[in-house]
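Coordinate analysis (summary)
Read off the chains here:
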Amino acid sequence: MSFFPSRTVSWYMARLFLVRTFAIMAAIVLILQALDLLSETGNILEVPGNGQAQVWTYVSLRAPQIIAFVLPFSVLLGTILTLATMNQNSEIIALKAAGLSAHQVLAPLLLASFGVAIISFAFNDRIASRATATLNQWQKVNYGPMPIDRGNRSNVWVRDGDDLIEVEQTQGRGAKTILRNVTLYDRAGGSLAGIVRAPIGRFEPGGGWRIGPALRFDVASGQQVRIPSLIVGRDARPDQFTLATVDPDGLSLGALKSAIEDLSGAGRPTKALEGSLWHKLSGPLSAVLMPLLGGVAAFGVARSGKLFVRAVIGMALGFTYFIADKFALAMGNLGAYPPFLAAWAPFLLFLLIGEAVLFRTEE
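The following paragraphs examine the structure supplied in this document. (Residues numbered from 1 in each chain as written. Predicted model: local features only at pLDDT ≥ 70, side-chain atom pairs only at ≥ 80, totals over all residues. Heavy atoms only, no water.)

1. Things to note about the layout of surface pockets
For clarity, the cut-off: Here a cavity denotes a set of grid points, spaced 1 Å apart and computed over the protein atoms alone, in which a 1.4 Å probe fits but from which it cannot get out, and a pocket denotes an open set meeting protein on both sides within 12 Å along at least five of seven lines; residues with an atom within 4 Å of a point are reported as lining. Grid points are joined across faces, edges and corners, and a volume is the space filled by probe spheres set on the points. We count a stretch as a helix when DSSP gives it H or I for four or more residues in a row; a strand needs E for two or more, and each element gets its number in order from the N terminus. In this count, Pro and Cys sit with the nonpolar residues alongside Ala, Val, Leu, Ile, Met, Phe, Trp and Tyr, while Asp, Glu, Lys and Arg are called charged and the others, Gly among them, polar.
Here the second largest pocket is characterised by a volume of approximately 850 Å³. The wall of the second largest pocket is formed by 30 residues, among which A68, N124, D249, H279 and K326 lie closest to the centre. Listed by contribution, the elements that provide at least two residues to the lining of the second largest pocket are α1 (7–45), α2 (52–88), α4 (102–140), α7 (271–285) and α9 (307–334). Here the lining of the second largest pocket gets eight residues from one element, more than from any other, and that element is α2. Considering only residue class, the lining of the second largest pocket consists of 14 nonpolar, nine polar and seven charged.

2. Overview of a nonpolar patch on the surface
Short version of the rule: The residues that make up patches have over 30% relative accessible area and no salt bridge, and they are joined within 9 Å when like-charged or within 5 Å when they are Val, Leu, Ile, Met, Phe, Trp or Tyr. Per-residue and other accessible areas were derived by the Shrake-Rupley procedure at a 1.4 Å probe size, with only the shown protein chains allowed to occlude residues. Salt bridges are defined as contacts in which a side-chain nitrogen from Lys or Arg sits within 4 Å of a carboxyl oxygen from Asp or Glu.
Taken together, the side chains of I31, L32, L35, L38 and F69 define a hydrophobic patch exposed on the protein surface, amounting to about 530 Å² of accessible area. In terms of residue count, α1 provides more of the nonpolar patch than any other element does, four residues in total. Position of F69 among the secondary structure elements: in helix α2.

3. Notes on the side chain of S74
The test is simple: For every residue, the accessible area obtained with a 1.4 Å probe (protein chains only) is divided by the maximum for its type, and the residue is called buried under 20%, exposed over 50%, and partly exposed between those limits.
Mapped onto the fold, S74 is located in helix α2. Residue S74 is classed as buried on the basis of its relative accessible area of 0%.

4. Re the pattern of salt bridges
For the structure shown, the criterion picks out three salt bridges. Of the charged contacts, one joins R216 and D186 as a salt bridge, the two residues approaching to 3.3 Å between their closest N and O atoms. You can see R216 sitting in strand β6 (residues 214–218) and its partner D186 sitting in strand β3 (residues 178–188), a full 30 residues away along the chain. One salt bridge in this structure joins E204 and R210, with 3.4 Å as the shortest N-O distance.

Now the structure itself:
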C-alpha cells in the first residue's frame, strides 16, 4: 500500500474522480438521448397503437447503448477535470512536495478507473448487449408489435448450388434444427425450373433436408404436383440456417464465443467476430488508460498559464486513442489485422505512450 498516498488522500481523489466521471456521463447521455428521440419519435408514433409507452420502451433500449458508448469518454473528461482542479488548487504541488511520484499521485485514479472498467464490462455484457439485440429486432419490424426472441431466426435465405432455399423461420440448433415454411427455387442453368413449398423440414443424418408434405409447381408445364416428402439442399449445413447473421454487439461474451465455435466448426470465417470478442475485453479496460493519458493535466505550475494547454494535450491523447481503436477494429473486420492485434494493439500502444509522456515530463 506504500505505492498509494494516505488512505484519506486516496479516498478523496477517488471520490472526486468518480463523482465527476458519472456526472459528466449523465449529462452527455441526457443530451444524446434527447437528440436521438427527436429523430426517432416520429417513426415510433406513426405506427398505429404506439404511444408514450412505446417511446419510453425505446428510451430504455437505446439508453444502454449510449451509456456504453459514452462511458470511456466520460472517464477521460472526469480525469482531466479532477486533476486540473487539484492542480489549480495547488493540491498536486502539496502531494509532490510530500515526496510522492507522479505514478503515486495517479494511483488512486488508476484503481478507481479499474473499478469503472469492471462495471463497464458487466453492464455491456448483461444489459447493453440484450438491449441492442431487442432494439435491432424491433427496428426490423419498424417499431411494430415487439417481437419475442427465443433464439429463432426468420426470413433466412441459403444457396445450394444453383438452387435457393427460403425459410420463414428456423428453430433449434445443429442436427435438431427445424425449418418452418420452406420454399425451394429449383433452378437449372440459371433459369427457374420449379418452385417447391412445404410447411416443415428436418435435417437428415446422411445430408440434406427432408421437407413435406410438399407442393411442386413446374414452370414449363404450369402444373402442380403433390409430393409426400423429398430431400433438398444436400450441401446445406444446419449452421447456414441458424447462424445466417451474427451481430456481436447483440451477444454477450459467452454467447459470442459459442457462435464463433459453431461457425469455426462449420468451416466459416470468424476473424471479424474474433476481433469483436477480444474487443469486449479491451474496450471496457480502456477506462484504465484514461488517468494515464489525462494525467498530463495534473502537473506543471498552474500560474505558468500552461494548465489549459496540458488539459488539451490530455484530451488529444485520449481522443486519438478512441480513433485508433475504431480504426484498428475496422481493419480487423476487413481481415487486414489479426483479431488479437486489432483489439489490443491500440491499448498497448497508448499505454506505452502514456507512460513515456509521464516519465519524460514528470519522472
